[in-house]
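Summary of structural features
Okay, here's what each chain looks like letter by letter:
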Amino acid sequence: MDGSPKHAISRYVEWVITVVVLVNCSAVILDSIPEVHADYKDFFHELEFWSVMFFTLEYVLRVWSLGAKFSAAEGGAWKGRRGYIFSPFGLIDFFATMPFYLHVFFPTLDLRILRVLRLLRILKLSKYNTALQDLFAAVHSERRAFGSAAFLLLIATIVSASLMHFAEGHEQPQHFGSIPHAIYWAIVTITAGYGNVEPVTKAGEIIALLTGFLGVCMAAIMTGIVASAFSNQMSRKKAAYQSQLRQVLSDGVVSDAERESLRRLQQQFRLSDAQVQAMIDEHNAEKSS
């Protein structure tokens, strides 16, 4: 249940949870179609009930099993349980069951809100795929660069909105009558390329063109930061795996436990067999030289 077990049955548990999550998300999407809901609402209700029972049991088992993570000297059972309950994955697992219980205790809640909350179950899959974890780690590692880019975006938005207010405020007061109104147009133009309001003055057209160009520049900057962060993240993973590999190969003997440890680490870091073989060849070449 911890996500990194040594037994093969854990893989079947992960597959079962993955299938249940995908079936649930598909059901939520189909249930939003009025015609489908009218014909299969009883089926969707039964599926939701048993799915909630499944996710509730999974959550209880995780909380219970993580009590064995730390010994009494390390903090006791509640240290592991508390760490999971308040972790991002623990909160995701908790809120995966909440829509059903909210509807039971508050039947007047808007069903659209409950559907959105139920779709959050798709985040449970991030526990078994490192894509989101890599994204969050990459963003965190480049948080200063993202902060600088966000500051530039803020300046560009305020300047563009102020200029459009003075250029178009008298001609289109319903859209640019104040700087806060113009800020909405600036944000949409920078992020989407078109602010949904056509300027009617020559100055407004020039400002709109420059604002759209700024949006393209900001998108390029953000893309470059994310690409660089992901590249650095993969480099760190390769370096960590290579370090572990060198340590295992240092004595010339690879035990079954070490081989299994390297296999799990390769799977966790999503390294291909070709990449691992290249590291082994590089180590052998250095050793022979």
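Given the structure is predicted, the values throughout are model-derived calculations rather than measurements.

Moving on, we get to the overall build of the protein chain. Along the protein chain, the regular secondary structure elements total 12 helices and 0 strands. Ordering the α and β elements of the protein chain from the N terminus gives α-α-α-α-α-α-α-α-α-α-α-α. Its C-alpha atoms give the protein chain a radius of gyration of 26 Å, more than 25% over the compact-globule value 19 Å for 289 residues. In terms of its C-alpha atoms, the protein chain occupies a principal-axis envelope of roughly 80 × 65 × 40 Å. By the burial criterion, 31% of the 289 residues in the protein chain qualify as buried.

Turning our attention to the packing of aromatic side chains. Tallying each qualifying case throughout the model produces 6 aromatic pairs. Judged by centre distance (5.0 Å) and plane angle (80 degrees), the rings of phenylalanine 49 and tryptophan 50 are edge-to-face. Judged by relative accessible area, phenylalanine 49 falls into the partly exposed class, the value being 29%. Residue class for tryptophan 50 comes out exposed when judged on its relative accessible area of 56%. Pairing phenylalanine 176 with tryptophan 185 gives two aromatic rings, centres 5.7 Å apart and planes at 75 degrees, and the pair type is edge-to-face.

Moving on: the pattern of salt bridges. Tallying each qualifying case throughout the model produces 5 salt bridges. Across the pair glutamate 58 and arginine 62 runs a salt bridge whose closest N-O atoms are separated by 2.9 Å. Highlighted residues: glutamate 58 and arginine 62, both in helix H2 (residues 34–65), separated by 4 residues, approximately one helical turn. For glutamate 282, the salt bridge is made with arginine 246, and the minimal N-O distance between the two is 4.0 Å. Taken together, the residues glutamate 282 in helix H12 (residues 273–288) and arginine 246 in helix H10 (residues 202–249) connect sequence positions 36 residues apart. You can call glutamate 282 partly exposed: its relative accessible area is 39%. What you see here is one network of salt bridges that share partners, running through Glu58, Arg62 and Asp93.

A few words now on the confidence of the model for the protein chain. Summary statistics for the protein chain give a mean pLDDT of 81 and a share of 91% for residues scoring 70 or more. Within the protein chain, helix H5 (residues 111–119) has the poorest average pLDDT of any element, 66, and helix H7 (residues 143–168) the best, 89.

A few words now on the environment of phenylalanine 106. Position of phenylalanine 106 among the secondary structure elements: in the loop between helix H4 (88–105) and H5. In this structure the C-alpha to C-alpha distance between phenylalanine 106 and alanine 219, which are 113 residues apart in sequence, comes to 43 Å.

Let us now look at the packing of H10 against H12. Packed helices, taken two at a time, are described by the angle between their axes plus the distance between the axes. Two elements in contact, H10 and H12, have axes whose closest approach is 11 Å; the angle formed by their N-to-C orientations is 50 degrees. Between H10 and H12, the interaxial angle falls into the category oblique. As for how H10 packs across H12, the hand of that crossing is right-handed. Note on element contacts: H12 touches H10 through Gln275, Val276, Met279, Ile280, Glu282, His283, Glu286 and Lys287, opposite Lys238, Tyr241, Gln242, Leu245, Arg246 and Leu249.

Our focus in this paragraph is the nonpolar core. Counting 10 residues, the largest nonpolar core is built from Tyr241, Leu245, Val248, Leu249, Leu262, Leu265, Phe269, Leu271, Val276 and Met279. Of all the secondary-structure elements, those providing two or more residues to this core are H10, helix H11 (256–269) and H12. Look past the residues within four positions of valine 276 in its chain and what remains in contact with it is Tyr241, Leu245, Gln266 and Leu271. In terms of nonpolar packing, the next biggest core, distinct from the first, is built from 9 residues, Ala161, Met164, Trp185 and Ile207 among them.

Attention now moves to the environment of arginine 236. Note on placement: arginine 236 falls in helix H10. As a C-alpha pair, arginine 236 and phenylalanine 269 span 33 residues in sequence and 9.9 Å in three-dimensional space.

With that settled, the discussion passes to the side chain of asparagine 24. Considering the arrangement of structural elements, one finds asparagine 24 in helix H1 (residues 9–31). Residues within four places of asparagine 24 in sequence aside, it is in contact with Glu48, Ser51, Phe55 and Arg121.

Criteria and cut-off values
Residues numbered from 1 in each chain as written. Predicted model: local features only at pLDDT ≥ 70, side-chain atom pairs only at ≥ 80, totals over all residues. Heavy atoms only, no water. Helix = DSSP H or I, 4+ residues; strand = E, 2+ residues; numbered from the N terminus. Rg over C-alpha atoms; globule rule 2.2 N^0.38 Å. Buried < 20%, exposed > 50% of the residue type's maximum accessible area, 1.4 Å probe, protein only. Phe/Tyr/Trp six-rings, centres within 6.5 Å; stacked < 30°, edge-to-face > 60°. Salt bridge = Lys/Arg side-chain N within 4 Å of Asp/Glu carboxyl O. pLDDT = per-residue confidence, 0-100. Axes fitted to C-alpha atoms, helices over the stretch in contact; angles between N-to-C directions. Parallel < 35°, antiparallel > 145°, perpendicular 65-115°, else oblique. Left-handed = near helix turned anticlockwise from the far one by under 90°. Contact = heavy atoms within 4.5 Å. Core = buried A, V, L, I, M, F, W, Y, C linked by side-chain atoms within 4.5 Å.

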